[in-house]
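Residue strings, one per chain:
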Amino acid sequence: DGGITQSPKYLFRKEGQNVTLSCEQNLNHDAMYWYRQDPGQGLRLIYYSQIVNDFQKGDIAEGYSVSREKKESFPLTVTSAQKNPTAFYLCASSIVIGDPSNEQFFGPGTRLTVL
Amino acid sequence: GQQVMQIPQYQHVQEGEDFTTYCNSSTTLSNIQWYKQRPGGHPVFLIQLVKSGEVKKQKRLTFQFGEAKKNSSLHITATQTTDVGTYFCAGLSNRDDKIIFGKGTRLHILP
């Protein structure tokens with residue numbers, strides 16, 4: 001059963017702590033993405049990766065870090081440097097960036113609340 | 001920077017009325033995609049338009065891509081309660097292959 005998974009669904013952390021959000025896909029997709037969604041703001045791109053061991057900053061990368069050591073996995077770390085980390089985080093994957101058939105498949109999301 | 005503007009931000013319609021959301025890009029797009037996000041859910045791909053002036057239909061949904069490949073619209077005929085959600089457009093920039101999402105239009109159906 002192919003798909004993209006994120007865990008956990010809800011996450012609570014104290015201010016000043018780093019936290020890592022998991023994203024795994026078994027679709028054999030090359031490209032993976034992290035978005036942040038705030039009410040009324042749509043989807044804002046944090047980081048994306050087109051291939052293993054390579055990733056690029058999106059529009060709001062400050063305070064976040066990623067790694068892409070395996071094709072299936074693209075974890076996102078929200079660091080203490082992120083000034084307003086409470087948000088809904090969505091991970092997505094697609095076959096290849098720039099391919100006209102680059103439909104994105106989204107995971108169920110992680111809602112992070114920093115207390 | 002490159003932007004994709006989507007209007008309206010919110011729309012309330014009576015069940016059975018039509019609904020349209022519009023997307024406008026500051027730059028030419030290679031393609032445009034539309035996604036639907038149900039309340040509490042995640043975005044799900046609806047369709048992709050690639051050709052200038054392209055029109056595609058999915059049952060009560062009609063999608064259009066402008067001649068200049070800078071704007072797009074989604075029209076729903078005779079809305080139903082199952083249409084509730086937020087509709088996003090996402091344009092693929094032909095400059096740098098970056099995907100830019102609009103802020104979405106939240107559709108609420110009044111019974």
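Now for a description of the structure that goes with this document. (Residues numbered from 1 in each chain as written. Chains lettered and ligands numbered in written order. Predicted model: local features only at pLDDT ≥ 70, side-chain atom pairs only at ≥ 80, totals over all residues. Heavy atoms only, no water.)

With that out of the way, let us pick up the overall build of chain B. Secondary structure summary: chain B contains 0 helices and 11 strands in total. Listed N to C, the secondary structure of chain B is β-β-β-β-β-β-β-β-β-β-β in terms of helices and strands. In terms of overall size, chain B behaves like a compact globule, its C-alpha atoms giving a radius of gyration of 13 Å where 111 residues would be expected to give roughly 13 Å. Taken along the three principal axes of its C-alpha coordinates, chain B extends 45 × 25 × 20 Å. Taking all 111 residues of chain B together, the buried fraction comes to 48%. A separation threshold of at least 6 residues defines the contact pool for chain B, and within that pool the share at least 24 residues apart is 54%. If you average the places of the 13 positive and of the 8 negative side-chain charges in chain B, the two averages end up 5 Å apart. (Helix = DSSP H or I, 4+ residues; strand = E, 2+ residues; numbered from the N terminus. Rg over C-alpha atoms; globule rule 2.2 N^0.38 Å. Buried < 20%, exposed > 50% of the residue type's maximum accessible area, 1.4 Å probe, protein only. Contact = heavy atoms within 4.5 Å. Lys, Arg positive; Asp, Glu negative; His and termini not counted. Charge placed at Lys NZ, Arg CZ, Asp CG, Glu CD.)

Together, A:Tyr10, A:Phe12 and A:Leu115 make up a nonpolar patch on the protein surface, roughly 390 Å² of accessible area in all. In this fold, A:Leu115 is placed in the segment after strand E11 (110-114). (Patch = residues over 30% accessible without salt bridge, like charges linked within 9 Å, V, L, I, M, F, W, Y side chains within 5 Å. Areas by Shrake-Rupley, 256 points an atom, 1.4 Å probe, with all protein chains shown as cover. Salt bridge = Lys/Arg side-chain N within 4 Å of Asp/Glu carboxyl O.)

This brings us to unusual backbone geometry. Note that the residue after A:Ser7, namely A:Pro8, is joined by a cis bond; omega there is -10°. Mapped onto the elements of the fold, A:Pro8 is located in the loop between strand E1 (4-7) and strand E2 (10-13). Cis rather than trans, the peptide bond between B:Ile7 and B:Pro8 has omega equal to -5°. Along the chain, the position of B:Pro8 falls in the loop between strand E1 (4-7) and strand E2 (10-14). Positive phi outside glycine occurs at A:Asn53, with the angle close to 65°. On the accessibility criterion, A:Asn53 (62% relative accessible area) is exposed. Backbone geometry at B:Lys59 places phi at a positive 55°, although glycine is not the residue there. Mapping B:Lys59 onto the fold places it in the loop between strand E6 (55-58) and strand E7 (61-65).

Another point: the sheet that holds E7(B). Residue and element names in this part refer to chain B. Taking strand neighbours across the sheet as the criterion, the 5 strands line up as E1-E3-E8-E7-E6 in an open arrangement whose pairing is antiparallel. The outermost strands of the open sheet, each flanked by one partner alone, are E1 and E6. The mean inter-strand angle of the sheet, taken between neighbouring strand axes irrespective of direction, is 15°. (Pairing = 2+ DSSP bridges. Axes fitted to C-alpha atoms, helices over the stretch in contact; angles between N-to-C directions.)

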